[in-house]
Amino acid sequence: MQQPKVYSFPNADQVAQALDKFLAQASAEAIKQHGRFSVAFSGGSLPATAAKYLKDNKSVDFGKWFVFFSDERCVEHTDAESNYKLVKDELLSHVPIPDNQVIRISESLVNDSKLAAEDYDLQMSKALGCDIVNQPPAFDCILLGIGPDGHTCSLFPGHPQVEEKSKWVTFIDDSPKPPASRITLTIPVLNQAKNVVFVVTGGSKSDTVKLIVDGRDQALPAAHVAPSEGGLYWFLDDATAKYLTVN
Ligand code: 6PG
């Protein structure tokens, strides 16, 4: 596992600028290497930060992007709680990513999180064009946030989904963060990615980030994210990075 690279910027706007540059470069490299860029978005504040400059970046070949969701709430695509809706409003409605290259939860299954997770796993393997039965898919980039409790995706402290090793997508019906029912990528998938990028701003999680980056406190799900061969990056504002040694 590579050492995490921790980058800190004076404010969230400069985090957004740096993330735009990172994603433009990572997608260009992936497209050059294998003809497409597979990226998974988390919800929360991440889509707005990631899209702020990216949506106007004319150097990016969005036609070759395949967009997935690190986790998703079991709600309709038009629901205010939908991560798909959030990413659509912030990015997808501004850039030319073909709709059939945006892999979203099946609306017909939002009332059965177990089936929704199984269906998403099938959609993922079909879209990535690989046999992922025996090994997790290798996303080019997975974008993650963290909660104050150290959760990431919809993997929460003390919940069994954190330990899931044989499924690439699982479900939760008692999420401590509402809404209760969600589907989520699992740790094996996060650790198979070529690039995992945590984006944390605002200063309220500086203690949690310190425990994860320096202490690797395994009680915190985000501390389980350790890509076996890929890069692990933290894009932080100074308020969040105040207890860390940064690159
Ligand atoms: C979700 C998110 C979740 C989020 C963190 C951080 O669907 O709720 O994927 O994991 O990334 O809770 O959210 P904020 O960045 O808004 O604090």
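In this text, all values refer to a predicted model and were calculated from it rather than measured experimentally.

Q: How would you summarise helix H6 (residues 206–213) if you had to cite specific residues and measurements?
A: Taken residue by residue, H6 has Ser206, Thr208, Val209, Ile212 and Val213 as its buried positions. Angularly, the buried residues of H6 cover 160° about the axis, an arc narrow enough to put them on a single face. Where the residues of H6 are buried, they touch strand E1 (5–9), strand E8 (195–200) and strand E9 (231–237).

Q: Quick rundown of the nonpolar core? Include the residues and the values.
A: One finds Phe41, Trp65, Phe68, Phe139, Leu143, Trp234 and Phe235 to be the most contacted residues of the largest nonpolar core, which totals 80 residues. Beyond its immediate stretch of four places on either side in the chain, Trp65 contacts Leu23, Ser27, Ile31, Phe37, Val39, Phe41, Leu54, Val60, Ile97 and Gln101.

Q: A description of the pattern of salt bridges should follow, citing residues and the corresponding values.
A: Taken as a whole and assessed by the stated rule, the structure comprises 10 salt bridges. Measuring nitrogen to oxygen at the nearest pair gives 3.5 Å for the salt bridge that ties Arg182 to Asp71. Remark: Asp71 occurs in strand E4 (residues 71–73) and Arg182 occurs in strand E7 (residues 182–185); sequence separation between them is 111 residues. A single burial state applies to Arg182 and to Asp71, both of which are buried. The partner of Asp140 in a salt bridge is Lys194, with the nearest N and O atoms 3.1 Å apart. Separated by 54 residues along the polypeptide, Asp140 in the loop between helix H4 (113–128) and strand E5 (141–144) and Lys194 in the loop between helix H5 (187–190) and E8 bring together distant segments of the chain. The exposure class of Lys194 is partly exposed, given its relative accessible area of 36%.

Q: An account of the environment of Asp20 is requested, with residue identities and associated values reported.
A: Mapped onto the fold, Asp20 is located in helix H1 (residues 12–34). As for Asp20 and Ala117, which are separated by 97 residues in sequence, their C-alpha atoms are 30 Å apart.

Q: Lay out the layout of surface pockets in plain terms, naming residues and giving numbers.
A: The computed volume of the largest pocket comes to approximately 270 Å³. Tallied by class, the residues present in the lining of the largest pocket amount to six nonpolar, 10 polar and five charged. Roughly 220 Å³ of volume is contained in the second largest pocket. Phe22, Gln25, Ala26, Glu29, Ala30, Gln33, Asp140, Lys194, Asn195 and Tyr233 together form the lining of the second largest pocket. The greatest single-element share of the lining of the second largest pocket, amounting to six residues, is contributed by H1. Its residues assigned to classes, the lining of the second largest pocket comprises four nonpolar, three polar and three charged.

What counts and what doesn't
Residue positions are given per chain, counting from 1 as you read along its sequence in written order. Predicted model: local features are reported for residues with pLDDT of at least 70 only, side-chain atom pairs are reported and counted for 80 or more only, and whole-chain, interface and lining totals are derived from all residues. Only hydrogens and water are set aside; all other atoms, that is, all heavy atoms of the structure, feed into the side-chain values. Here the term buried applies to any residue with accessible area under 20% of the maximum for its type, exposed to any over 50%, and partly exposed to those in between, with areas from a 1.4 Å probe on protein chains only. Helix numbering and strand numbering both begin at the N terminus, where a helix is a DSSP run of H or I of at least 4 residues and a strand a DSSP run of E of at least 2. This arc is built from the directions going out from the helix axis to the C-beta atoms. What makes two residues a contact is simply this: any of their non-hydrogen atoms within 4.5 Å. Put simply, a nonpolar core is a bunch of buried Ala, Val, Leu, Ile, Met, Phe, Trp, Tyr and Cys residues held in one set by side-chain atoms that sit within 4.5 Å of each other. Salt bridge, as used here: a side-chain nitrogen of Lys or Arg that lies within 4 Å of a carboxyl oxygen of Asp or Glu. A pocket, in this scheme, is an open set of points on a 1 Å grid over the protein atoms alone with protein on both sides within 12 Å along at least 5 of 7 lines, while a cavity is a set where a 1.4 Å probe fits but cannot get out; residues line either one if an atom lies within 4 Å of a point. Grid points are joined across faces, edges and corners, and a volume is the space filled by probe spheres set on the points. Note on residue classes: Ala, Val, Leu, Ile, Met, Phe, Trp, Tyr, Cys and Pro are nonpolar, Asp, Glu, Lys and Arg are charged, and everything else, Gly too, is polar.

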